[in-house]
Amino acid sequence: MNIVQVKEVKKTYIQGKVEVYALRGVSLDIKKGGFAALAGPSGSGKTTLLNIIGGLDLPDSGDVAVDGSSFSGMSQADLAKMRLNKIGFVFQAYNLIPVLSAVENVEFVMLLQGLDKVERRQRAKDVLDDVGLEGKYDRRPAELSGGQQQRVAVARAIVSNPSIVLADEPTANLDSKTGNGLLEMMKEMNEKKSVTFIFSTHDDMVMDYARRLVQIRDGEIADDIVK
Amino acid sequence: MPIDITMAWRNIWRNPRRTLLTVAAIGFASTALVFMLSFQFGVYDTMINSSVNIHAGHLQIQAKGYKEKMAMRYAVADPVRMGNLLNGIDDVKSYTYRAEGFSMLSSSDRTYGVLVTGIDPDKEKQVSTIKSLVRKGEYLSSSNAYEALVGSLLAANLKVGIGDEITILGQAKDGSVAASVVTVKGIFTSGIDEFDRSTVQIPLKTFQEVYSMDGAVHRVVVVCKSLKSVSMVKAALAEDISGIDEKYELKVFDWMEIMPGLLQSIQMDLISGFIMYIILVIVVAFSILNTFLMAVFERTREFGVLMAIGAEPGRIMKLLLIESITMTSIGIFLGMALGSVFSLYFQKHGIDFTGASEIMNQMGISGLMYPKLTLLSLFTGPMAVLFITSVAALYPALKVKSLRPVEAISYN
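What counts and what doesn't
- Residues numbered from 1 in each chain as written.
- Chains lettered and ligands numbered in written order.
- Predicted model: local features only at pLDDT ≥ 70, side-chain atom pairs only at ≥ 80, totals over all residues.
- Heavy atoms only, no water.
- Helix = DSSP H or I, 4+ residues; strand = E, 2+ residues; numbered from the N terminus.
- Rg over C-alpha atoms; globule rule 2.2 N^0.38 Å.
- Buried < 20%, exposed > 50% of the residue type's maximum accessible area, 1.4 Å probe, protein only.
- Contact = heavy atoms within 4.5 Å.
- Areas by Shrake-Rupley, 256 points an atom, 1.4 Å probe, with all protein chains shown as cover.
- Lys, Arg positive; Asp, Glu negative; His and termini not counted.
- Charge placed at Lys NZ, Arg CZ, Asp CG, Glu CD.
- Domains from an automatic or database assignment.
- Axes fitted to C-alpha atoms, helices over the stretch in contact; angles between N-to-C directions.
- Left-handed = near helix turned anticlockwise from the far one by under 90°.
- Parallel < 35°, antiparallel > 145°, perpendicular 65-115°, else oblique.
- Nonpolar A, V, L, I, M, F, W, Y, C, P; charged D, E, K, R; others polar.
- Polar contact = N/O pair within 3.5 Å; in protein donor to acceptor, adjacent residues only side chain to side chain.
- Salt bridge = Lys/Arg side-chain N within 4 Å of Asp/Glu carboxyl O.
- Pairing = 2+ DSSP bridges.
- Right-handed = clockwise from strand over helix to strand, strands pointing away.
- Buried area = accessible area lost by both parts, 1.4 Å probe.
- Patch = residues over 30% accessible without salt bridge, like charges linked within 9 Å, V, L, I, M, F, W, Y side chains within 5 Å.
- Expected span 1.5 Å × (residues − 1).
- Phe/Tyr/Trp six-rings, centres within 6.5 Å; stacked < 30°, edge-to-face > 60°.
- Lys NZ or Arg CZ within 6 Å of the ring centre and 35° of its normal.

## Topic: the overall build of chain B
So, step 1. The helix and strand tally for chain B stands at 16 helices and 12 strands.
So, step 2. Whereas a compact globule of 412 residues would reach a radius of gyration of roughly 22 Å, chain B reaches 31 Å, over 25% beyond that.
So, step 3. The C-alpha extent of chain B, read off along each of the three principal axes, is 100 × 50 × 30 Å.
So, step 4. In chain B, which comprises 412 residues, the proportion classed as buried is 51%.
So, step 5. Put simply, of all contacts in chain B between residues at least 6 apart along the chain, 78% involve residues at least 24 apart.
So, step 6. Here chain B displays about 19000 Å² of accessible surface, and carbon together with sulfur accounts for 61% of that area.
So, step 7. Distance between charge centres in chain B, computed from 37 positive and 36 negative side chains, equals 10 Å.

## Quick notes on the domain arrangement of chain B
So, step 1. Examined at the domain level, chain B breaks down into domain 1 (3-51 + 262-409) and domain 2 (65-248).
So, step 2. Relative to domain 2 of chain B, the C-alpha centre of domain 1 of chain B lies at a distance of 49 Å.

## Side note on the packing of helix H11 (residues 260-298) of chain B against helix H13 (residues 313-349) of chain B
Two numbers describe a pair of packed helices, the interaxial angle and the distance between the axes.
All names here are of chain B.
So, step 1. Two numbers describe how H11 lies on H13: the axes approach to 12 Å, and their chain directions differ by 145 degrees. Handedness of the H11/H13 crossing: right-handed. Side by side, H11 and H13 meet where Ile288, Thr291, Phe292 and Val296 of the first sit next to Leu320, Glu323, Ser324, Met327 and Thr328 of the second.

## So, the packing of H13(B) against helix H15 (residues 375-401) of chain B
All names here are of chain B.
So, step 1. Packing of H13 against H15 leaves a shortest axis separation of 9 Å and a crossing angle of 160 degrees. The angle between the axes of H13 and H15 places the two elements in the roughly antiparallel class. The crossing of H13 and H15 is right-handed.
So, step 2. The residue inventory of the contact of H13 with H15, partitioned by class, reads 19 nonpolar, 5 polar and 1 charged.

## Examining the environment of Lys234(B)
Residues and elements named next belong to chain B.
So, step 1. Relative to the helices and strands, lysine 234 resides in helix H9 (residues 230-241).
So, step 2. In the structure, lysine 234 is positioned 86 residues away from alanine 148 in sequence and 32 Å away in space, judged by C-alpha atoms.
So, step 3. Not counting chain neighbours up to four residues away, the residues in contact with lysine 234 comprise Leu59, Val252, Asp254 and Glu257.
So, step 4. Of the polar contacts made by the side chain of lysine 234, one reaches the side chain of aspartate 254; its length is 3.4 Å.

## Description of the pattern of salt bridges
It is possible for side chains of opposite charge to pair when their charged atoms get near one another.
All names here are of chain B.
So, step 1. Evaluation of the coordinates by the stated rule reveals 28 salt bridges over all chains.
So, step 2. For the salt bridge of glutamate 249 with lysine 251, the shortest nitrogen-to-oxygen distance reads 3.8 Å.
So, step 3. Classification of glutamate 249 by relative accessible area gives partly exposed; the value is 45%.
So, step 4. With a relative accessible area of 32%, lysine 251 lands in the partly exposed category.
So, step 5. Ionic pairing is found between glutamate 323 and arginine 299, a salt bridge with its closest N-O pair at 2.9 Å. With glutamate 323 in helix H13 and arginine 299 in the loop between H11 and helix H12 (300-308), this pair connects stretches of sequence that are 24 residues apart. In this pair, the class of glutamate 323 matches that of arginine 299, namely buried.
So, step 6. A network of salt bridges, in which partner residues are shared, links Arg14, Arg299, Glu302 and Glu323.

## Digging into the pairing of strand E8 (residues 196-201) of chain A
All names here are of chain A.
So, step 1. With 6 of 6 residues buried, E8 lies mostly within the body of the structure.
So, step 2. Both faces of E8 are covered, namely the face carrying Thr196, Ile198 and Ser200 and the face carrying Phe197, Phe199 and Thr201.
So, step 3. In the sheet, strand E7 (residues 164-168) pairs with E8 via 5 bridges, with the strands oriented parallel. Counted as the bridge partner of isoleucine 164 is threonine 196 from E8.
So, step 4. For the crossover that starts at E7, traverses helix H6 (residues 176-193) and ends in the parallel E8, the hand is right-handed.

## Considerations on the interface of chain A and chain B
Quoted interface sizes are often the accessible area lost when the parts come together.
So, step 1. In this complex, chain A contributes 25 residues to the contact, which on the side of chain B involves 20 residues.
So, step 2. For the pairing of chain A and chain B, the buried interface totals around 2100 Å² over both sides, and the portion due to carbon and sulfur atoms is 68%.
So, step 3. Taken together, the links from chain A to chain B amount to 1 salt bridge.
So, step 4. Two residues, Glu104(A) and Arg10(B), come together in a salt bridge whose shortest N-O distance is 2.6 Å.
So, step 5. Taken together, the links from chain A to chain B amount to 4 residue pairs in polar contact (both at pLDDT 80 or more).
So, step 6. Every element with two or more residues in the side of chain A that touches chain B is listed here: helix H2 (76-86) and helix H3 (102-113) of chain A.

## Considering a positive patch on the surface
So, step 1. Together, Lys69(B), Arg73(B), Lys173(B) and Lys247(B) make up a positively charged patch on the protein surface.
So, step 2. Its place among the elements puts Arg73(B) in the loop between helix H3 (66-69) and helix H4 (79-87).

## Quick word on helix H5 (residues 146-158) of chain A
An α-helix turns once per 3.6 residues; consequently, residues spaced three or four apart project the same way.
Residue and element names in this part refer to chain A.
So, step 1. With 13 residues, H5 should reach 18 Å at 1.5 Å per residue; the first-to-last C-alpha distance of 19 Å fits that figure.
So, step 2. Burial analysis of H5 places 11 of its 13 residues in the buried class, the great majority of the element.
So, step 3. Those residues of H5 not exposed but buried are Gly147, Gln148, Gln149, Gln150, Val152, Ala153, Val154, Ala155, Arg156, Ala157 and Ile158.

## Concerning the packing of aromatic side chains
So, step 1. Per the stated rule, a full pass over the model turns up 13 aromatic pairs over all chains.
So, step 2. Ring centres of Phe35(A) and Phe197(A) lie 5.6 Å apart, and the angle between their planes is 70 degrees; on these two criteria the pair is classed as edge-to-face. Residue Phe35(A) is found in strand E3 (residues 35-39), and its partner Phe197(A) is found in strand E8; the two are separated by 162 residues along the sequence.
So, step 3. One aromatic cluster is present, built from ring pairs that chain together Phe35(B), Phe39(B), Tyr345(B) and Phe346(B).
So, step 4. If you follow Lys67(B) out to its NZ or CZ, it ends over the ring of Phe253(B), 5.1 Å from the centre.

## Looking at the sheet that holds strand E9 (residues 212-217) of chain A
All names here are of chain A.
So, step 1. Taken together, 6 strands build an open sheet; the order of strands is E6-E7-E8-E3-E9-E10 and the sheet is mixed. Of all the strands in the sheet, just strand E6 (87-90) and strand E10 (220-226) have a single pairing partner and so form its edges. Strand-to-strand twist across the sheet, computed as the mean angle between neighbouring axes with direction ignored, equals 20 degrees.
So, step 2. In terms of strand pairing, E9 meets E10 through 6 bridges, oriented antiparallel. From the neighbouring strand, arginine 217 faces E10, where its bridge partner is glutamate 220.
So, step 3. Most of the contacts of H5 go to E6, to which it runs at about 170 degrees, and overall it touches E6, E7 and E8.

## Here we look at the side chain of Asp4(B)
Residue and element names in this part refer to chain B.
So, step 1. The topology assignment puts aspartate 4 in helix H1 (residues 3-12).
So, step 2. For aspartate 4, a relative accessible area of 8% translates into the label buried.
So, step 3. Separated by 3.3 Å, the side chains of aspartate 4 and lysine 318 make a polar contact.
So, step 4. For aspartate 4, the residues in contact, after removing those within four places along its chain, are Arg315, Lys318, Leu319 and Ile322.

## Some points on a nonpolar patch on the surface
So, step 1. A grouping of Ile271(B), Ile275(B), Ile279(B) and Val283(B) is seen on the molecular surface, where their side chains present a nonpolar patch of about 390 Å² in accessible area.
So, step 2. Take Ile271(B): it is sitting in helix H11.

Structural data, given as structure tokens:
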């Protein structure tokens, strides 16, 4: 079953007076439970594609559907609801809310979903335990290492059981050992809990872990390898 | 505690120095507004009470036309009947009768044109503070003696002292010549130069005899138990006198109608004060606007992340508004507390303005000024600060609404 369907997506940016073609009619399907990487050099369009799959940006033409819901005609509010219920994000710079503790950061998504306090606190702690942060619930982001912060970000992304987790260069700010540990953890989540992961990366280590590697160059899919 | 409030509180203290400066600006403005408004209200009270207690009273009953023309014939023919009406109104503290006539006043050296006032010495001392203002000699002893109480500046101008004789020459109510000689019994200083320069008071019965008043008076002067009860007493009195059949229709005037100049000077002072307060409040509003614009710029990426994980812009706006209202409320609360402390301290001890006594005497107030803390002076300024700063905080909050998540996340 395809959890993500991308059809003939085109996206153009204006940089100064120059028109930049970020995506030139990309079509792509990702299956449920996939562990795929969108790879390519800087400016290839991989992050733009990830943002469009995540509903953070809208294509100029073409369509995207996640878990059967097409983004066409959706308002910003609809897209916000879609992101809240079906998509988890992991960012390169962790991007945790600095004034919230680890457990509060993870809880926040469930708070937006309207879950009651007792349930969301328990679930947030369980997921933090799963990512190896047992006992660090009350630490603020500034009190955690980069690797620990990225684990909190992963916990935040998966806690509400989204249809897909989109990770934009998740290991870029981590040393190789920490990055490896993070990828191991995400692979385990993927295998044990069938969480679908889609990465945007130019890190060889991520590409090695990915079971499917989609190479993007100049806004087009150059290669699509299923390992 | 709801997470929005927890987040707002923690966000406020992310940059403690900036928060403290903003709170201090709001607090300072609120303190200043509470104290300055209390001070203004205190001064107005002093001005009104000085004028009311020295001469004018809170209310006056006059014949229609007397206020405008001050002609002798516009008189209240049966003042005792008015007294009986006033005795039946609870909020009336005291009252007295006065009759007046413009006359030439001559000493052995000089002549001046002044307003001679006939007063009932016993009733007058319950209405006016003039007895306590006698600096030389004594207060009038009885209602039919040929003696006078003279303002200090007029006495100096006439070059008269205690025991000297003054000749009064004017026109009586019936058109005949009113002439008499009175002895200076006392000299008073009210502090109001205009009053001290133009006032001569003689016993009412003497006045009625000299000016052929036939028992009539020109003013029935009423002092109420408080400034607040004036309008109520005025309404009751107006109703009571409406049916009385006198030659001239009777009218009730309050202190604002009797002393329009005083009311206008209070209004002018209030307007100029409000212009200054508005400038102060706008300066504070810019301060909080700056703080929140900085917060929006600094936290744009964070707002992008919040939107990416599913928060709607309205929720982020709400968070920002909670932060601004919390910060403003802390400043306002501190300002109200400090403003109240200052106001109450000086309400008890007064502020010494003896250096400006010349100007203050013109306004009828002494060298010590007392602020008056009221609910109005406590809340008006701070609530204006709350309103203006809330409006100022709306702009940065609305900017969040126009953010696109993808642009916000990559904002540097």
